[in-house]
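Below are the chains, spelled out letter by letter.
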Amino acid sequence: MNASAPILLFDSGVGGLTVLAELRKALPEAPVIYAADMAGLPYGTKSEAEIAARVAGLLGRMAERWQPRLICIACNTASTIALGMVRDVLEIPIVGTVPAIKPAASLTTTGTFGLLGTEATIRQAYVDNLEREFAGGKRLLRHGANGLVPLAEAKLRGEDVSVDAVAREIAGLLAQDGADSIDTLVLACTHFPLLEDELRQAIGRDVRFVHGAEGIARRVAYLTQGQSFERDGPDRAVTTGDLADFHRLGPTFARYGIQRLEKF
């Protein structure tokens, strides 16, 4: 393994920075390329076929170009739909991001917990299987909140995000029968932890948030244990979208140790 071979962290946008933050703690010396499919954002409104073809195609080209030691799909929607396909076509370790239903089911004391994701994520059989396997005897209330994704992206750009705007996006969850018993909430989109403060205010009571970033970082560290890390240049972020618009996120990426922004 080339010591400078990067970990490729892929997301539809910049929500994967929540995973990168945990990865920095686990593997501070690891070279990273952060790939944001801004041209494909949002994934939550796309069909399964569109997402699968797009993610597999992009990751195939990126793997060929950068020869990463591991790919982390830091996106719940992409993972629940395309993870199997990507693993079939690429012969390198692939770590996905799946809704943290297992830990949430063990943490709830009321027996009722919620799941916020994109519409594409919450309807997947993958999520059905996780609920069936780990949440027996518990009640899981799901809600697709696609609108939280652009709100999270706006917050990262330094724009003001109102609690009222967040509240409108989760109103469908809170209106469900039994929602007043929710004590644990799965944030099944890597963008959503960026809005924890606003979500807590919008809910109006104490709720435990659960997401998978720390567990993902541990998994990446496990799969790369014993490997050498050496940077042959600064870490970078690449976008499939407009580079000038991407540069608006420069200060945000700098906070995560990424100084170079490029077009893919």
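Please read all numbers here as calculations on a predicted model, not as lab measurements.

Asks: Explain the nonpolar core here, please?
Replies: The nonpolar side chains of soluble globular proteins are, as a tendency, buried together. Within the largest apolar cluster, 54 residues are counted, with the highest numbers of intra-cluster contacts made by L20, Y34, L116, L148, L199 and F253. Per-element tally for this core: the top contributor is helix α7 (residues 148-156), with six residues. Excluding its chain neighbours within four sequence positions, the residues that come into contact with L199 are L116, L148, V166, I170, L187, F192 and F209. Core analysis: the next-biggest nonpolar cluster, separate from the first, contains 27 residues, Y43, V55, L59 and I94 among them.

Asks: In this structure, what is going on with the sheet that holds strand β5 (residues 112-117)? I would like to understand it.
Replies: Through backbone hydrogen bonds, the strands of a sheet pair up, either in parallel or in antiparallel fashion. Reading across from one edge, β6-β5-β7-β8 is the order of the four strands in this open sheet, with parallel pairing throughout. Two strands in the sheet have a free side with no partner beyond their single neighbour: β6 (139-144) and β8 (208-210). Averaged over neighbouring strand pairs, the angle between their axes works out to 25° when direction is ignored. Relative to β6, β5 runs parallel, the two being bridged by six bridges. Note on β6: the bridge partner recorded for G114 is L141. Against the sheet, helix α8 (residues 163-174) engages β5, β6 and β7 (184-188), with an angle of about 145° to β6.

Asks: For this particular structure, what's the right way to read the sheet that holds strand β9 (residues 236-239)?
Replies: The strand order β4-β3-β1-β2-β9-β10 describes an open sheet built from six strands, whose pairing is parallel. For this open sheet the edge positions go to β4 (94-95) and β10 (260-263), each flanked by a neighbour on one side alone. Bridge analysis of β9 against β10 gives four bridges, and the strand direction is parallel. Its bridge partner being in β10, V238 is matched across the sheet by E262.

Asks: Would you mind going over the packing of aromatic side chains with me for this structure?
Replies: Given two aromatic rings, one states the distance between the centres and the angle between the planes to describe the pair. Under the counting rule described, the total for this entry stands at three aromatic pairs. Relative to F253, the ring of Y34 has its centre 5.6 Å away and its plane inclined at 65°; by these criteria the two rings are edge-to-face. Residue Y34 is found in strand β2 (residues 32-36), and its partner F253 is found in helix α12 (residues 250-255); the two are separated by 219 residues along the sequence. As far as burial versus exposure is concerned, Y34 and F253 are alike and both buried. Cluster of aromatic residues (ring-pair linked, three or more members): Y34, F246 and F253.

Criteria and thresholds
- Every residue gets a number counted from 1 within its own chain, in the order that chain's sequence is written.
- Whole-chain, interface and lining totals are the exception, using all residues; otherwise, since this is a predicted model, local features are given only for residues with pLDDT of at least 70 and side-chain atom pairs are given and counted only at 80 or more.
- To get the side-chain values, all heavy atoms of the structure are used, and hydrogens and water are removed first.
- In this text, buried Ala, Val, Leu, Ile, Met, Phe, Trp, Tyr and Cys residues form a nonpolar core when linked through side-chain atoms within 4.5 Å.
- Note on classification: 1.4 Å probe, protein chains only; a residue is buried when its accessible area is under 20% of the maximum for its type, exposed when over 50%, partly exposed between these limits.
- Every helix listed is a DSSP run of H or I at least four residues long, and every strand listed is a run of E at least two residues long, numbered separately from the N terminus.
- Only heavy atoms matter for contacts: two residues are in contact if any of them lie within 4.5 Å across the pair.
- Pairing between two strands requires that DSSP report at least two bridges joining them.
- For helices, the axis comes from a line fit to the C-alpha atoms of the stretch in contact; other axes are also lines fit to C-alpha atoms, and the angle between any two N-to-C directions lies between 0 and 180 degrees.
- Each pair of aromatic rings taken from Phe, Tyr and Trp, with Trp reduced to its six-membered ring, is defined by centres within 6.5 Å and is described as stacked if the planes are under 30 degrees apart, edge-to-face if over 60, and tilted in the remaining cases.

As far as function goes, none of this settles anything; it's purely spatial.
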